[in-house]
Amino acid sequence: RQARQEHMKATGVQRKRNKVEQVFDRVRENDKDIVKVNMVGNERFLTLTVEEKIKAAQSFAQNEFVKEVFFSGCGIDDAFAQALGEAFVTNKALEKVHLEGNDISGEGIKALFKGLGKNRSIKELRLHKQSKLMATVDEELLPELLDGNDTVTK
């Protein structure tokens, strides 16, 4: 984003969004050809700003075709988790969500579980190996946040 802004200042021409940003634009636009999003090891995703990562998470809110998302080891934090948790509430397509090995704390995990409690399509959510610790008191709240969800099996 910053590079696009600098390019615009220098040349007066708007530079196109990078390939990763374009993927999330297509997810937001409900492109039926995208059924899986895998950002594991994607250097471009790692360099996105916090704002662009939040937009990426929000892009799943109304999508009807993406079934699986993989963001393991992508530097995901609580802001992304909050946005993704909110997207869970309205998303009816996602079935697998992998977020292992990121920087999500108890606050982000609670936000994910809050959204998951209102979701009826997700069957699998993987969160192990987060770099931030979760307080016991937060862990104890998780089953309550999932009340009413009978689709999660893993």
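Residues numbered from 1 in each chain as written. Predicted model: local features only at pLDDT ≥ 70, side-chain atom pairs only at ≥ 80, totals over all residues. Heavy atoms only, no water.

Visitor: Before we go on, may I ask you to explain the overall build of the protein in this structure?
Guide: What the protein contains, in helices and strands, is 7 helices and 4 strands. Ordered by position from the N terminus, the helices and strands of the protein form the series α-α-β-α-α-β-α-β-α-β-α. When each of the 154 residues of the protein is scored for burial, the buried share is 44%. The contacts in the protein between residues at least 6 apart in sequence include a share of 80% that link residues at least 24 apart. A total accessible area of about 8600 Å² is found for the protein, and carbon and sulfur atoms account for 51% of it. (Helix = DSSP H or I, 4+ residues; strand = E, 2+ residues; numbered from the N terminus. Buried < 20%, exposed > 50% of the residue type's maximum accessible area, 1.4 Å probe, protein only. Contact = heavy atoms within 4.5 Å. Areas by Shrake-Rupley, 256 points an atom, 1.4 Å probe, with all protein chains shown as cover.)

Visitor: Hey, could you run me through the environment of Arg28 in this one?
Guide: Looking at the element boundaries, Arg28 is found in helix 2 (residues 19–28). Judged by its relative accessible area of 39%, Arg28 is partly exposed. Along the chain, Arg28 and Asn63 lie 35 residues apart, while their C-alpha atoms are 6.3 Å from each other. In this view, Arg28 contacts Lys55, Ala56 and Ser59; residues no more than four positions away in its chain are not counted.

Visitor: What am I meant to see in the sheet that holds strand 1 (residues 36–38) here?
Guide: Note on sheets: strands pair through backbone hydrogen bonds, and any given pair is parallel or antiparallel. Reading across from one edge, 1-2-3-4 is the order of the 4 strands in this open sheet, with parallel pairing throughout. Looking at strand neighbours, the two that pair on one side only are strand 1 and strand 4 (124–126), the edges of this open sheet. Neighbouring strand axes in the sheet, compared pairwise and without regard to direction, differ in orientation by 0° on average. Summarising the sheet, strand 3 (residues 96–98) and strand 4 pair through 3 bridges and their orientation is parallel. (Pairing = 2+ DSSP bridges. Axes fitted to C-alpha atoms, helices over the stretch in contact; angles between N-to-C directions.)

Visitor: Honestly, the nonpolar core in this entry has me stumped. Any pointers?
Guide: What tends to happen in soluble globular proteins is that the nonpolar side chains get buried as a cluster. Membership of the largest hydrophobic core comes to 34 residues, with the highest contact counts inside it found for Val37, Phe45, Phe60, Phe71 and Leu99. Of all the secondary-structure elements, those providing two or more residues to this core are helix 2, helix 4 (50–58), helix 5 (78–90) and helix 6 (106–116). Top element by residues in this core is helix 5. It accounts for 6 residues. When residues no more than four places from it in sequence are discounted, the contact partners of Val37 are Phe24, Val27, Phe60, Val66, Glu68, Val69, Phe70 and Phe71. (Core = buried A, V, L, I, M, F, W, Y, C linked by side-chain atoms within 4.5 Å.)

Visitor: Teacher, can you tell me more about the pattern of salt bridges here?
Guide: Any two side chains of opposite charge can pair, on the condition that their charged atoms come close. Counted according to the given criterion, the structure contains 7 salt bridges. A salt bridge links Glu52 to Arg17; its shortest N-O distance comes to 3.2 Å. In this pair, Glu52 sits in helix 4 while Arg17 sits in the loop between helix 1 (2–11) and helix 2, placing the two residues 35 residues apart along the sequence. Given the relative accessible area of 25%, Arg17 is considered partly exposed. With its nearest N and O atoms 3.1 Å apart, the salt bridge here joins Glu107 to Lys110. You can see Glu107 and its partner Lys110 sitting in helix 6, 3 residues apart, about one turn around the helix. The class for Lys110 is buried, based on a relative accessible area of 17%. (Salt bridge = Lys/Arg side-chain N within 4 Å of Asp/Glu carboxyl O.)

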